[in-house]
Every structure is written in C-alpha cells, then in structure tokens.
Amino acid sequence: MTSTVERPLGEEKLQRHFDDRIAHDQRIEPRDWMPEGYRKTLVRQIAQHAHSEIIGMQPEGNWLTRAPSLRRKAILLAKVQDEAGHGLYLYSAAETLGVDRSELTEKLLQRKQKYSSIFNYPTLTFADIGVIGWLVDGAAICNQVPLCRSSYGPYARAMVRICKEESFHQRQGYELLMTMMRGTEEQQRMVQDATDRWWWPSLMMFGPPDGDSPNTQQSMAWRIKRHTNDELRQKFVDMTVPQAEALGVALPDPALRWNAERGHYDFGEPDWTELKQVISGRGPCNEQRIARRRAAHEEGQWVRDAAAAHARKTRGRTS
Ligand code: BYC
C-alpha cells in the first residue's frame with residue numbers, strides 16, 4: 001500500500017522510513033507504505049484471529065439452551081455475542097489491508113486459513129463454560145494484551161476493546177467455577193474434570209515452541225508480536241497456578257513446581273504432536289466446526305443479500 005505523498009520517494013527510501021517508524025515505536029496506518037511481507041503477515045494473523053472468534057462461538061453456543069439458570073443463560077449469551085463483535089472488529093481491521101471479508105471467510109471454509117486449535121475440543125458439561133472463561137479467555141488475555149501495542153494501528157486499536165471484554169469473560173468463568181466449587185461434590189468433580197481436559201489445549205493456544213515457530217522472529221522484528229510464544233506461555237502458567245490454588249483444583253501436570261532460581265513455575269511439555277494434528281484438521285471437532293460454519297454462512301446468504309439491496313436502495317435515494 002502506498003500513500004500518494006510517499007510514492008515518489010522510491011522503494012529504498014520508503015523501506016527506510018518504514019523501518020525508522022517501527023524502530024521508534026510509531027504506528028503504521030493503512031495508507032502508509034509497508035513491505036508486502038508485513039501486509040501478508042498481518043492479514044494471516046488478523047484473519048486467523050477473526051476466524052477464531054467466530055468459530056469460538058460454537059463450543060459455548062452448545063450450552064446456550066441448557067444453561068442451568070436465567071442468569072447463567074444471559075451471561076453466556078452476552079459473552080457469545082461479544083465474540084461475534086470481536087470477529088467483526090478484526091475482519092474490519094483486516095479489510096484496511098486490502099482484503100475482503102468474504103474472501104477471508106471463503107479461505108477459512110476451504111481450510112486455506114487457520115483458526116485457533118482450542119476451539120476443536122468438545123464442551124461436555126456446564127463446568128466447561130467456566131473453564132473456558134478462566135483458562136481459554138485467560139490465555140487469550142495474556143496473548144492479546146501485548147497486541148494492543150502492535151505496530152499496525154487498526155489491529156492495535158481493535159485489540160484494546162477486545163481485551164476489555166475478554167477480562168469480563170475471564171472473570172465470569174472464574175466466578176462460575178467458584179460457585180461450583182462451593183457446591184456439591186459432583187459439581188466439584190465436574191470442575192476438576194473440565195480443568196483436566198482444557199489445561200493442555202490452553203497451553204497450546206500460544207503456538208508451537210519458539211524453536212519450532214517459523215513466524216515469531218520476523219513478527220517480533222516488525223513489532224506485530226511483542227513476545228515469543230514461550231514467553232507468553234510461561235506468563236500464563238505463572239498467572240494461573242495461584243488462581244487454581246484459590247479455586248481448589250489441581251492442574252494436571254506432575255512437573256509443575258515453583259523454581260525460585262528462575263522466579264517462574266517449571267511445567268511439563270505439551271504434546272506438540274497433538275497440536276500439529278489439531279492445526280492440520282484432525283482434532284476431535286474440526287469437521288463439525290467447519291461444517292457448522294459453512295452451514296451458518298450459507299443460511300445467512302439472504303441476510304447479506306437483503307443488506308446489499310438496502311444499501312443499493314439508500315444510495316439510489318441519496319443520489
Ligand atoms: N492454533 O510461527 P507460529 C481467542 C499456526 S481467539 C491454530 O508460532 P504465529 C478467543 C500459525 O498460525 C484465539 N494455529 O505463528 C476467542 C502458523 O500457521 P500459518 C486466537 C496455530 O502467527 C473466543 C503456524 O501454526 N488468538 O483467544 O507467529 C473466545 C506456525 O506458528 C496455533 C489469536 O489469533 C494454534 N494454537 O503465532 C475466547 C491471537 N499456533 O498461519 C478466546 C493472535 C500456531 O503460518 N495470534 N498456529 O499457516 C497470535 O498471537 C499468533 O498468530 C499465534 C501464532 C500465537 C496464535
């Protein structure tokens with residue numbers, strides 16, 4: 001993308017100007033010149049993030065009609081709607097880079113673009129709703145707060161609002177679990193079981209280990225990412241262990257212990273083969289998630305047609 005002011009400077013000067021702005025922590029905006037690799041990396045990451053928000057509505061949506069009280073139902077409904085909103089902000093941020101939302105959706109449906117591995121696991125009990133809020137939204141906050149300082153303006157600004165809402169999501173999950181832990185033995189067992197199933201997939205949300213992450217180095221140099229995958233994973237573990245203790249649940253990792261020398265918790269190795277399988281479409285719910293997304297997209301065609309017809313009519317009236 002080239003702005004009319006900067007175009008005559010020549011590629012080399014434009015690159016120097018871009019590098020200088022990145023080095024001085026200045027934001028890159030849609031009309032600024034940017035290297036093609038920077039633009040492509042942003043489209044890849046923002047699209048993946050947007051798809052994750054939209055697909056992420058499915059595992060929780062599974063419990064909307066079976067929430068145990070009106071209050072829990074209203075909270076869950078608000079959370080799922082927030083996620084649709086996050087998807088919209090992110091698709092809009094991606095569109096400032098010259099791609100179209102429908103083109104991105106098509107790529108998702110053809111499995112040419114990814115979405116987060118975490119949403120390919122089933123939600124078996126209502127305790128999963130609490131654990132998703134606590135662990136999945138907790139991991140999302142760790143990963144996404146630094147993205148509010150991402151070098152690309154529209155992405156960084158979208159993340160500010162998303163992170164505020166994610167904090168509410170995390171707290172509602174924790175509050176739900178606290179309530180269940182004060183309940184019957186069966187409710188306590190449900191919380192422990194959900195924690196056992198979601199702990200390792202939550203650690204995998206941060207991506208492959210740094211040594212096996214092809215994109216991290218360049219994304220850090222461009223200040224799209226501010227921390228490596230392993231740094232954020234460690235931060236999440238350090239933050240979550242005391243929360244698990246306060247809740248009274250055990251985290252399913254025998255290697256988990258405080259390391260006074262490092263000032264961090266040591267923890268076991270996630271199963272990276274499982275992450276690769278889930279990312280490549282062979283997780284427990286991949287087929288179901290994409291099939292549901294495709295059906296929703298097709299069933300929503302009349303809404304898009306009606307909106308386009310209305311826009312045409314309004315344009316006709318004003319002209
Ligand atoms: N799942 O070089 P790497 C949410 C892919 S939404 C699937 O480390 P990068 C929420 C990666 O894309 C959660 N794919 O990549 C929503 C790359 O493949 P491509 C989503 C993964 O980009 C609703 C390849 O593996 N959050 O939290 O530097 C309710 C190599 O990886 C995963 C975001 O998207 C994975 N776990 O780092 C509640 C946040 N990990 O693209 C919560 C923004 C890696 O080359 N995204 N891959 O084909 C990011 O921060 C980064 O993109 C990642 C990966 C940390 C995810």
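The notes below deal with the structure included here. (Residues numbered from 1 in each chain as written. Predicted model: local features only at pLDDT ≥ 70, side-chain atom pairs only at ≥ 80, totals over all residues. Heavy atoms only, no water.)

**Focus: the packing of helix α2 (residues 36–55) against helix α4 (residues 70–95)**
Then, number 1: The N-to-C vectors of α2 and α4 enclose an angle of 160°; their axes lie 8 Å apart at closest approach. Put simply, α2 runs roughly antiparallel to α4. The two elements α2 and α4 meet at a crossing, and its hand is left-handed. For the pair α2 and α4, the contacting residues are I46, H49, A50, H51, E53 and I54 in the first and E83, A84, H86, G87, L90, Y91, A93 and A94 in the second.
Then, number 2: Counted by class, the contact of α2 with α4 contains 8 nonpolar, 4 polar and 2 charged residues. (Axes fitted to C-alpha atoms, helices over the stretch in contact; angles between N-to-C directions. Helix = DSSP H or I, 4+ residues; strand = E, 2+ residues; numbered from the N terminus. Parallel < 35°, antiparallel > 145°, perpendicular 65-115°, else oblique. Left-handed = near helix turned anticlockwise from the far one by under 90°. Contact = heavy atoms within 4.5 Å. Nonpolar A, V, L, I, M, F, W, Y, C, P; charged D, E, K, R; others polar.)

**Focus on the pattern of salt bridges**
Then, number 1: Overall, the coordinates contain 18 salt bridges when judged by the stated rule.
Then, number 2: We note a salt bridge from R16 to E12, for which the minimum N-O separation is 4.0 Å. One end of the pair, R16, and the other, E12, are both in helix α1 (residues 11–23), 4 residues apart, so they sit about a helical turn from each other.
Then, number 3: Assessed through its relative accessible area of 64%, E12 is described here as exposed.
Then, number 4: Taken together, the salt bridges that share partners define one network made up of E60, K79, E83 and D137. (Salt bridge = Lys/Arg side-chain N within 4 Å of Asp/Glu carboxyl O. Buried < 20%, exposed > 50% of the residue type's maximum accessible area, 1.4 Å probe, protein only.)

**Observations concerning the packing of aromatic side chains**
Then, number 1: For the structure on display, the rule yields 9 aromatic pairs.
Then, number 2: With 6.2 Å between their ring centres and 80° between their planes, F18 and W33 make a pair best called edge-to-face. Here F18 is found in helix α1, whereas its partner W33 is found in the loop between α1 and α2, with 15 residues between them in sequence.
Then, number 3: The buried category is assigned to F18, whose relative accessible area is 2%.
Then, number 4: By relative accessible area, which is 10% here, W33 ends up buried.
Then, number 5: Ring pairs connect the aromatic residues F18, W33, Y38 and W222, which therefore count as one cluster.
Then, number 6: Across from the ring centre of W63, 4.0 Å away, lies the NZ or CZ of R66, which sits over that ring. (Phe/Tyr/Trp six-rings, centres within 6.5 Å; stacked < 30°, edge-to-face > 60°. Lys NZ or Arg CZ within 6 Å of the ring centre and 35° of its normal.)

**Concerning the site of the ligand**
Then, number 1: By nearness alone, 30 residues border the ligand, and R44, Q48, K114, S213 and K225 come closest of all.
Then, number 2: Here an oxygen atom of the ligand and a side-chain polar atom of N229 are 2.8 Å apart.
Then, number 3: Relative to its free-state accessible area of 1,000 Å², the ligand is covered by the protein chains to the extent of 92%.
Then, number 4: A total of 6 residues in the shell around the ligand trace back to one element, the largest contributor, which is α2.
Then, number 5: When its residues are assigned to classes, the shell around the ligand shows 11 nonpolar, 13 polar and 6 charged. (Near = heavy atom within 4 Å. Polar contact = N/O pair within 3.5 Å; in protein donor to acceptor, adjacent residues only side chain to side chain. Areas by Shrake-Rupley, 256 points an atom, 1.4 Å probe, with all protein chains shown as cover.)

**Observations concerning the nonpolar core**
Then, number 1: Counting residues in hydrophobic clusters, the biggest one holds 48 residues, and the most contacted among them are W134, W198, W199 and F236.
Then, number 2: Contributions of two or more residues to this core are made by α4, α6 (127–144), α7 (153–181), α8 (185–204), α10 (229–247) and α11 (272–282).
Then, number 3: The element best represented in this core is α6, accounting for 9 residues.
Then, number 4: Sequence-distant contacts of W198, defined by excluding residues within four places in its chain, comprise I118, Y121, P122, T123, D128, V131, I132, L135 and V136.
Then, number 5: With 29 residues, the next largest nonpolar core counts A50, A94, L97 and L147 among its residues. (Core = buried A, V, L, I, M, F, W, Y, C linked by side-chain atoms within 4.5 Å.)

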